[in-house]
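Results of the structural survey
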Number of protein chains: 2
Amino acid sequence: MVRMIDVAKHADVSLKTVSRVLNNEPHVQEKIRKRVFESINELGYIPSTSARSLRSLRTYSIHLISNSIEGAFINTVQSGALLSCQKHGYSLLISLLDSEILNNPKALKKWCAEFVVQKRPDGVILVPPHSDNIDLNSILNEANIPISRIGPNEIIDKDNSTIMIDDRKAAREVTEYLISLGHKRIGHVRGSEDQGATHKRYSGYTDALKAASIPIIEELIKPGNFRFESGLKAGEELLKMKNRPTAIFAANDDMAAGIIVASYMNHFKVPDELSVIGFDDNELAKRIWPTLSTIQQPVFGYGERAAELLVKKAGTRKKQTSLVISATELMNYKFILRESTNIASTANN
Amino acid sequence: MVRMIDVAKHADVSLKTVSRVLNNEPHVQEKIRKRVFESINELGYIPSTSARSLRSLRTYSIHLISNSIEGAFINTVQSGALLSCQKHGYSLLISLLDSEILNNPKALKKWCAEFVVQKRPDGVILVPPHSDNIDLNSILNEANIPISRIGPNEIIDKDNSTIMIDDRKAAREVTEYLISLGHKRIGHVRGSEDQGATHKRYSGYTDALKAASIPIIEELIKPGNFRFESGLKAGEELLKMKNRPTAIFAANDDMAAGIIVASYMNHFKVPDELSVIGFDDNELAKRIWPTLSTIQQPVFGYGERAAELLVKKAGTRKKQTSLVISATELMNYKFILRESTNIASTANN
DNA sequence: GTGAAAGCGCTAACAT
DNA sequence: ATGTTAGCGCTTTCAC
């Protein structure tokens, strides 16, 4: 094993100088810096993470906190975060924190205390519904752990970043598209109530209806939880109404897929008799028939950017506190038109 | 922060005794062991992973090596592995190793050297196609890193474990089921050629045909790569034949979904005009229409078991080398009958 | 069966 | 701008 002392001897400098070079600290001549890097490469030196973190209390790790890692959304976020972490020599770790604990302030406090002491993350990434949870955010803030929040939320926090798209605007766009096809009875299936996205997408839906002077009809709005099964159920209910909707905007793709299956089961043709629009553009959207019109979110980019911001922050901690990287970053979405939407048939309007 | 020395003082024993208790080492009186545990709980002591690994060269981490973490299969394996790791106080880390490097022996050797020095994993989990790669397996073996292999392969290795189902038997079963429905022209879409599963599933398919004295027709067997698009393409080709198959067994669900979409596009009704069977039972299987008949693999269990075996091995290293945990573990699969299969219509036979 | 001392590889604090 | 020294919290080695 090559140690730092070996590099120091090889480059004919002190231990500390090598350390400075590795940590991008100032006060090293460019010439020496270069010589040290040469020695590092020549000897194939790789710093020991355990020694570094033992001494410095930095772990070179980012934690992604989530209630599960199964599912297309979190899977893709993780993939993006992993890419950023690897690029900067950080590890990405997953910490499972389920909703039951999340919604119980006492249990949450205990969980966080253990988490902080045990993992000592240099930063954490929060996804919905965790990114919407005020308690969790403030506990981590108090523990002085940088956070990147993914997904829409209303948390005001000048020290950390939120990465999202304009859900409300996107939802309004898809609803307006359905209206432009001649649809007037447009149903909506909501996501989980504990997620900001649910409310913003609903607002976008009503924005579009109001702007077109179409009445908002309670019966056409069904609860859901972002899962396929809830879309299936909502679809069943909506299609069995005497005066059924001719189009449905589901708050995500999984539920939209459920609505499409419900249509098959009730012998309605999508898109001729029912238009369906989802949200996310997950892998399902291209694999079902008809393929799903939806809003494409840069989910991979969420993870990538979230991790990158944390790495940057960890790298500048205590050194240039002036450089505060934190803001609400609005990313770009894209409306993807596929086969699940069609003009409103006159028979139904 | 509570240190080991604090626990030692509190329990009125030496530092080393606490260390012994924590590492399950022998030569500690039961009475003292209990007292130490009490002190640990009372003080809320949590060992410092960095200090432990700096000294002992163990990292308390398992690495999952894969070319990507996106996709239902690897996602579920990871989820299972994460559960086991958390249960035993281990970290699960992901290392991305893409196929280009994997198939270039020189690049692979270099990658592994860096990986071993930098990560020092206590064990690695390999999934297809990595679990089928002889070079990778032997390099890791030489580096003395325990391996759990997931998925079918022919690697002979008395020191490590392989976890799989009997793919050949399962493939034979589904093909026999199609035969029992009266199908005689049964197509097959293969997976990636670098994966053992592809060959085993193909063998199961031919086993069933041979046993039923049905000729194996080359034209009905199409190449694929386990991806949706390859299933779509194979489906197109098979359906455009003059003498098209009445049933198709795809080597996985994603490709089966592609075949179903191809059927819609070519106006063939599934299952009335074409029966389709997949393999995996991933989330897609229940979300498409018609829902997919398939073989359910215990994918979560693969990850769970793989990690568990590695943790056990790491815990007994150097202490009881007699206890060698390694074998081929055959897990149970299940044939799931859904809506994508039907009896062969007489018109087509 | 238990303990004392040494030291893993690095960085923080303090020289110079 | 560079170097010296001490010590992070634990396990290893060896002594008893």
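Residues numbered from 1 in each chain as written. Chains lettered and ligands numbered in written order. Predicted model: local features only at pLDDT ≥ 70, side-chain atom pairs only at ≥ 80, totals over all residues. Heavy atoms only, no water.

Residue and element names in this part refer to chain A. Read across the open sheet, the six strands follow the order β2-β1-β3-β4-β5-β11; overall the sheet is parallel. Strands at the two margins of the open sheet, each flanked by one partner only, are β2 (91–96) and β11 (328–330). Adjacent strand axes in the sheet meet at a mean angle of 20°, parallel and antiparallel pairs treated alike. Sheet topology places strand β3 (residues 123–126) next to strand β4 (residues 147–150); three bridges connect them, and they run parallel. Across the sheet, I125 pairs through a bridge with S148, a residue of β4. (Pairing = 2+ DSSP bridges. Helix = DSSP H or I, 4+ residues; strand = E, 2+ residues; numbered from the N terminus. Axes fitted to C-alpha atoms, helices over the stretch in contact; angles between N-to-C directions.)

Let us now look at the packing of aromatic side chains. For the structure on display, the rule yields 15 aromatic pairs over all chains. Aromatic side chains Y202 of chain A and Y205 of chain A sit 6.1 Å apart centroid to centroid with 40° between the ring planes, which places their arrangement in the tilted category. Here Y202 of chain A pairs with Y205 of chain A, and both are found in helix α10 (residues 196–211), just three residues apart, close to one helical turn. By relative accessible area, which is 1% here, Y205 of chain A ends up buried. Chaining the aromatic ring pairs together yields one cluster made of Y264 and W289 of chain A together with Y264 and W289 of chain B. Over the ring of Y202 of chain A we find R190 of chain A, and its NZ or CZ is 4.7 Å from the ring centre. (Phe/Tyr/Trp six-rings, centres within 6.5 Å; stacked < 30°, edge-to-face > 60°. Buried < 20%, exposed > 50% of the residue type's maximum accessible area, 1.4 Å probe, protein only. Lys NZ or Arg CZ within 6 Å of the ring centre and 35° of its normal.)

Turning to the relation of the copies chain B and chain A, a few remarks are in order. When chain B is brought onto chain A, the operation consists of a screw motion whose angular component is 180° and whose axial shift is 0.1 Å, with 0.1 Å RMSD remaining. Overall, the copies show the geometry of a two-fold rotation axis. Judged by C-alpha distance, S50 of chain B is the residue of chain B that lies nearest the rotation axis, at 2.2 Å. Here 97% of the interface residues in chain B have copies in chain A that are interface residues too; the copies meet face to matching face. (Least-squares fit on C-alpha atoms with pLDDT ≥ 70 in both. Contact = heavy atoms within 4.5 Å.)

Domains assigned within chain A are domain 1 (1–45), domain 2 (53–165 + 302–318) and domain 3 (167–296). In this structure, domain 1 of chain A and domain 3 of chain A have C-alpha centres spaced 59 Å apart. (Domains from an automatic or database assignment.)

This paragraph deals with the pairing of strand β4 (residues 147–150) of chain B. All names here are of chain B. Side-chain alternation along β4 places I147 and R149 on one buried face and S148 and I150 on a second face that is also buried. Here three bridges tie β4 to strand β5 (residues 161–164), and the two strands are oriented parallel to one another. Residue pairing across strands places I150 opposite I163, the latter belonging to β5.

Attention now goes to the interface of chain B and chain A. At the junction of the two partners, chain B supplies 39 residues and chain A supplies 38 residues. A buried area of about 3600 Å², summed over both sides, lies between chain B and chain A, and 62% of it is on carbon and sulfur atoms. The largest per-residue losses of area from chain B upon contact with chain A belong to I46, R287 and W289 of chain B, which jointly make up 19% of the total buried on that side. Counting every contact that joins chain B to chain A gives zero salt bridges. Only α4 (49–56), α5 (72–87), β2 (91–96), α7 (105–119), α12 (253–265) and α13 (284–287) of chain B provide two or more residues apiece to the side of chain B that touches chain A. In terms of residue class, the side of chain B that touches chain A is built from 20 nonpolar, twelve polar and seven charged. (Buried area = accessible area lost by both parts, 1.4 Å probe. Salt bridge = Lys/Arg side-chain N within 4 Å of Asp/Glu carboxyl O. Nonpolar A, V, L, I, M, F, W, Y, C, P; charged D, E, K, R; others polar.)

Our focus in this paragraph is the protein's contact with DNA strand D. Every one of the 26 residues lining DNA strand D counts as a neighbour, but Q29 and R55 of chain A together with M4, K16 and Y45 of chain B are closest to it. Across the atoms of DNA strand D situated within 4 Å of the protein, the share located in sugar and phosphate is 55%. The separation between a phosphate oxygen of DNA strand D and a polar main-chain atom of M4 of chain B is 2.6 Å. With respect to DNA strand D, the side chain of S19 of chain B contributes an N or O atom lying 3.0 Å from a phosphate oxygen. Among the secondary structure elements, those contributing two or more residues to the surface near DNA strand D are α2 (15–22) and α4 (49–56) of chain A together with α2 (15–22) and α4 of chain B. Counting residues per element, the surface near DNA strand D draws most heavily on α4 of chain B, which supplies five residues. (Near = heavy atom within 4 Å. Polar contact = N/O pair within 3.5 Å; in protein donor to acceptor, adjacent residues only side chain to side chain.)

Moving on: the side chain of R58 of chain A. Residues and elements named next belong to chain A. Here R58 lies in the loop between α4 and β1 (61–66). Buried charge R58 goes without a salt bridge, the closest partner of opposite sign being D122 at 4.0 Å. At 2.8 Å, the side chain of R58 forms a polar contact with the side chain of Y90. (Lys, Arg positive; Asp, Glu negative; His and termini not counted.)

Note the cis peptide between P128 of chain A and P129 of chain A, where omega equals 0°. Inspection of the secondary structure assignment puts P129 of chain A in the loop between β3 and α8 (134–142). Residue P290 of chain B is reached from W289 of chain B by a cis peptide bond, and omega for that bond is -10°. Topologically, P290 of chain B is positioned in the loop between α13 and β10 (294–296). A positive phi is found at N144 of chain A, a non-glycine position, where the angle reads about 65°. Structurally, N144 of chain A is set in the loop between α8 and β4.

So, on to the pairing of β5 of chain B. Residues and elements named next belong to chain B. Side chains S161 and I163 of β5 all project onto a buried face; the interleaved residues T162 and M164 project onto the opposite face, where all are buried too. Here β5 pairs with strand β11 (residues 328–330) via three bridges, running parallel. Counted as the bridge partner of T162 is T328 from β11.

We now examine helix α12 (residues 253–265) of chain A. Residues and elements named next belong to chain A. Taking 1.5 Å of rise per residue, 13 residues should cover 18 Å, and α12 covers 18 Å from first to last C-alpha, within 8% of that figure. Here α12 lies mainly inside the structure; eleven of its 13 residues are buried. Taken together, the buried positions of α12 are D253, D254, M255, A256, A257, G258, I259, I260, V261, A262 and S263. Two or three places before D254, at the opening of α12, N252 has a side-chain oxygen 3.4 Å from that residue's backbone nitrogen. The first or second residue beyond α12 is H267, which carries a positive phi of 60°. (Expected span 1.5 Å × (residues − 1).)

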